Amino acid sequence: MSIVIAPGELRWKVVLPANIERVYELLTTDAGRELFWAEASYRSRARIELWFPDGTTSTLAILRECPPHSIALLYFGVPTTFDLSALHESCTLLEVHAHDVPPNDHVDVSAGWVSVLLCLKA
């Protein structure tokens with residue numbers, strides 16, 4: 001479920017049955033992203049290239065990293081942060097926060113991230 005916290009801001013929270021290091025690895029490595037997010041992924045320096053099954057491609061700028069607690073990306077033009085908190089040894093809270101989402105894109109951004117997060121949870 002997404003939560004609108006302010007105009008242009010969306011936030012999702014999901015509890016994952018894995019330790020914080022594993023969740024961070026899934027978000028920040030090509031192999032991890034290919035498991036749940038994209039058909040293919042390639043990272044070089046401060047950017048990530050994603051190829052999706054429908055043929056869409058995207059280049060994500062990496063804005064900030066603080067392993068294993070957070071990473072911030074520019075995702076389809078929307079600044080998006082991933083914050084991780086260890087709930088205990090084998091459980092992690094992941095909060096995804098999209099900033100400055102254009103009003104006309106709220107529904108698509110919300111549905112897109114729900115889809116990604118459900119696959120990650122699985």
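Every value quoted in this text rests on a predicted model; they were computed, and no experiment measured them. (Residues numbered from 1 in each chain as written. Predicted model: local features only at pLDDT ≥ 70, side-chain atom pairs only at ≥ 80, totals over all residues. Heavy atoms only, no water.)

A. Fine view of the pattern of salt bridges. The full count for this structure, using the stated rule, is 6 salt bridges. Here aspartate 30 and arginine 33 are joined by a salt bridge, their closest N and O atoms 2.7 Å apart. With aspartate 30 and arginine 33 both in helix α2 (residues 30-36) and 3 residues apart, this pair spans about one turn of that helix. On the accessibility criterion, aspartate 30 (23% relative accessible area) is partly exposed. With a shortest N-O distance of 2.8 Å, arginine 47 and glutamate 49 are connected by a salt bridge. Exposure remark for arginine 47: the relative accessible area of 37% places this residue in the partly exposed category. Three or more residues are tied together by salt bridges with common partners; here these are Arg11, Lys13 and Glu95. (Salt bridge = Lys/Arg side-chain N within 4 Å of Asp/Glu carboxyl O. Helix = DSSP H or I, 4+ residues; strand = E, 2+ residues; numbered from the N terminus. Buried < 20%, exposed > 50% of the residue type's maximum accessible area, 1.4 Å probe, protein only.)

B. Representation of the packing of aromatic side chains within the structure. Enumeration according to the criterion identifies 9 aromatic pairs in this entry. Arranged with centres 5.7 Å apart and planes meeting at 45°, the rings of tryptophan 37 and tyrosine 75 form a pair that is tilted. Within this pair, whereas tryptophan 37 is found in the loop between α2 and β3 (40-44), its partner tyrosine 75 is found in strand β6 (residues 70-75), the two being separated by 38 residues in sequence. This pair shows no difference in class: tryptophan 37 is buried, exactly as tyrosine 75 is. Look at tyrosine 75 and phenylalanine 76: their rings are 4.9 Å apart centre to centre, the planes differ by 85°, and that puts the pair in the edge-to-face class. What makes tyrosine 75 buried here is its relative accessible area of 14%. In textbook terms, an aromatic cluster arises when at least three aromatic residues are bridged by ring pairs, as seen for Trp12, Phe36, Trp37, Phe52, Tyr75, Phe76, Phe82 and Trp113. (Phe/Tyr/Trp six-rings, centres within 6.5 Å; stacked < 30°, edge-to-face > 60°.)

C. Broad picture of the side chain of serine 41. Considering the arrangement of structural elements, one finds serine 41 in strand β3. What makes serine 41 buried here is its relative accessible area of 6%. Within the structure, serine 41 has its side chain in polar contact with the side chain of aspartate 30 (distance 3.0 Å). Polar contacts involving the side chain of serine 41 include one to the side chain of arginine 33, which spans 2.7 Å. What serine 41 contacts, discounting residues up to four positions off in sequence, is Asp30, Arg33, Glu34, Ile48, Glu49, Leu50 and Trp51. (Polar contact = N/O pair within 3.5 Å; in protein donor to acceptor, adjacent residues only side chain to side chain. Contact = heavy atoms within 4.5 Å.)

D. Main features of unusual backbone geometry. With an omega of -10°, the peptide bond between proline 67 and proline 68 qualifies as cis. Here proline 68 is to be found in the loop between β5 (57-66) and β6. Even without glycine at this site, arginine 45 takes up a positive phi of about 50°. Residues other than glycine seldom take positive phi values, yet phenylalanine 76 does so here, at roughly 50°. Inspection of the secondary structure assignment puts phenylalanine 76 in the loop between β6 and β7 (78-88). Looking at phenylalanine 76, the relative accessible area reads 46%, which means it is partly exposed.

Coordinates in, geometry out; function isn't part of it.
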